[in-house]
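For reference, the chains in residue letters:
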Amino acid sequence: VLFRKKTVWIDSIANAEEISKSGKLAKRFSDIWLTQWKHLTTEDGPEYLGSII
Amino acid sequence: MIFVTVGTQLPFDRLIRFIDDWAFKNPNINIFAQIGESDFVPTNLEYKKHLSMNEFNSLFESSEFIVSHAGMGTIISALLAQKPIVIIARDSDLGEHRNQHQKATLNRFTGVDGCITCKDEVELDYAMKSRKNFKAGAANSKNVEFSNKLATRLNIK
């Protein structure tokens, strides 16, 4: 939560083998931390809720 | 017409050099390339550094197939438009990008209908020779489905 607003990080679909460096940095500021590739999910996140294609 | 694109972020001299050379050897084939801030200046094809959205869309639509860096924007556009796309990844060891994520993209789209993935210029040359056999892939945008799931996850109605 930043400025009393929920924050979401959606990592670019271009990161198919590991989450981006920016994504890793953004994790601690994100209420919901997402990847667009199912195989990149782990217990500690990121989560997968689908992708744009 | 063959439409070649390197995307908006970075030049990709290795691809444009290859295409220019290929165009020299295949003078009867119409090629248009979007080359970015390339150091290399092509002499055998029509090109522009950058394109407006309209120019890009119209060239994309009128092309038989696309030749591209492994950029997700172009790959998604090709799948949605059902255009075959020949893909070659930028190599960060050659200074063509910040890291090797384009190689990861290339691997992920290898074997996907409509995507002709090439590891290097040799494979690219081979792909161009087999262009008569290219088949278009197809995909639907999942934007709506994705945003609905996210809204549910966020408890937004």
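Look up a bit, the structure's there.
Keep in mind the model is a prediction, meaning the values are calculated, not measured.

Trainee: In this structure, what is going on with the layout of surface pockets? I would like to understand it.
Mentor: A probe as big as a water molecule, rolled over the atoms, marks out the empty space that is left. In this model, the largest pocket occupies a volume close to 670 Å³. Ala14 and Asn15 of chain A together with His97, Arg98 and His101 of chain B are the residues nearest the centre of the largest pocket, which is lined by 32 residues in total. Every element with two or more residues in the lining of the largest pocket is listed here: helix H1 (21-26) of chain A together with helix H3 (72-81) and helix H4 (101-109) of chain B. Considering only residue class, the lining of the largest pocket consists of 9 nonpolar, 16 polar and 7 charged.

Trainee: Any chance you could explain the sheet that holds strand E2 (residues 32-35) of chain A here in plain terms?
Mentor: Strand pairing in a sheet relies on backbone hydrogen bonds. The paired strands run either parallel or antiparallel. Residue and element names in this part refer to chain A. Reading across from one edge, E1-E2-E3 is the order of the 3 strands in this open sheet, with parallel pairing throughout. Either end of the sheet is taken by a strand with one partner, and the two such strands are strand E1 (8-10) and strand E3 (47-48). Where E1 and E2 come together, 3 bridges link them in parallel fashion. Of the residues in E2, the one forming a bridge with tryptophan 9 is tryptophan 33.

Trainee: Would you explain the environment of serine 30 of chain A in this entry?
Mentor: Residue and element names in this part refer to chain A. Relative to the helices and strands, serine 30 is located in the loop between H1 and E2. With a relative accessible area of 18%, serine 30 lands in the buried category. When the C-alpha positions of serine 30 and valine 8 are compared, they lie 5.4 Å apart, and in sequence the two are 22 residues distant. Discounting chain neighbours no more than four positions away, the residues touching serine 30 are Thr7 and Trp9. A distance of 2.7 Å separates a polar atom in the side chain of serine 30 from the backbone oxygen of alanine 26.

Trainee: For this particular structure, what's the right way to read the side chain of threonine 117 of chain B?
Mentor: Residues and elements named next belong to chain B. As for its position among the elements, threonine 117 is in strand E6 (residues 115-118). Given a relative accessible area of 17%, threonine 117 falls into the buried group. Among the polar contacts listed, one links the side chain of threonine 117 to the side chain of threonine 110, at a separation of 2.8 Å. In contact with threonine 117, not counting residues within four places along its chain, are Ile87, Leu106, Phe109, Thr110 and Glu123.

Trainee: Would you explain helix H2 (residues 53-62) of chain B in this entry?
Mentor: Since there are 3.6 residues in each turn of an α-helix, residues three or four apart along the chain are aligned in direction. Residues and elements named next belong to chain B. Listed as buried for H2 are Phe56, Leu59 and Phe60. Within H2, the buried residues cover an arc of 100° as seen down the axis, which keeps them to one side. H2 presents Asn54 and Glu61 as exposed residues on the side facing more than 90 degrees away from its buried surface. In this fold, the buried residues of H2 make contact with strand E1 (2-5), strand E2 (31-34), strand E4 (65-69) and H3.

What counts as what
- Residues numbered from 1 in each chain as written.
- Chains lettered and ligands numbered in written order.
- Predicted model: local features only at pLDDT ≥ 70, side-chain atom pairs only at ≥ 80, totals over all residues.
- Heavy atoms only, no water.
- 1 Å grid on protein atoms, 1.4 Å probe; cavity = no way out; pocket = protein on both sides within 12 Å on 5 of 7 lines; lining within 4 Å.
- Points joined across faces, edges and corners; volume = space filled by probe spheres on them.
- Helix = DSSP H or I, 4+ residues; strand = E, 2+ residues; numbered from the N terminus.
- Nonpolar A, V, L, I, M, F, W, Y, C, P; charged D, E, K, R; others polar.
- Pairing = 2+ DSSP bridges.
- Buried < 20%, exposed > 50% of the residue type's maximum accessible area, 1.4 Å probe, protein only.
- Contact = heavy atoms within 4.5 Å.
- Polar contact = N/O pair within 3.5 Å; in protein donor to acceptor, adjacent residues only side chain to side chain.
- Arc of directions from axis to C-beta.

Purely spatial values, then, with no claim about function.
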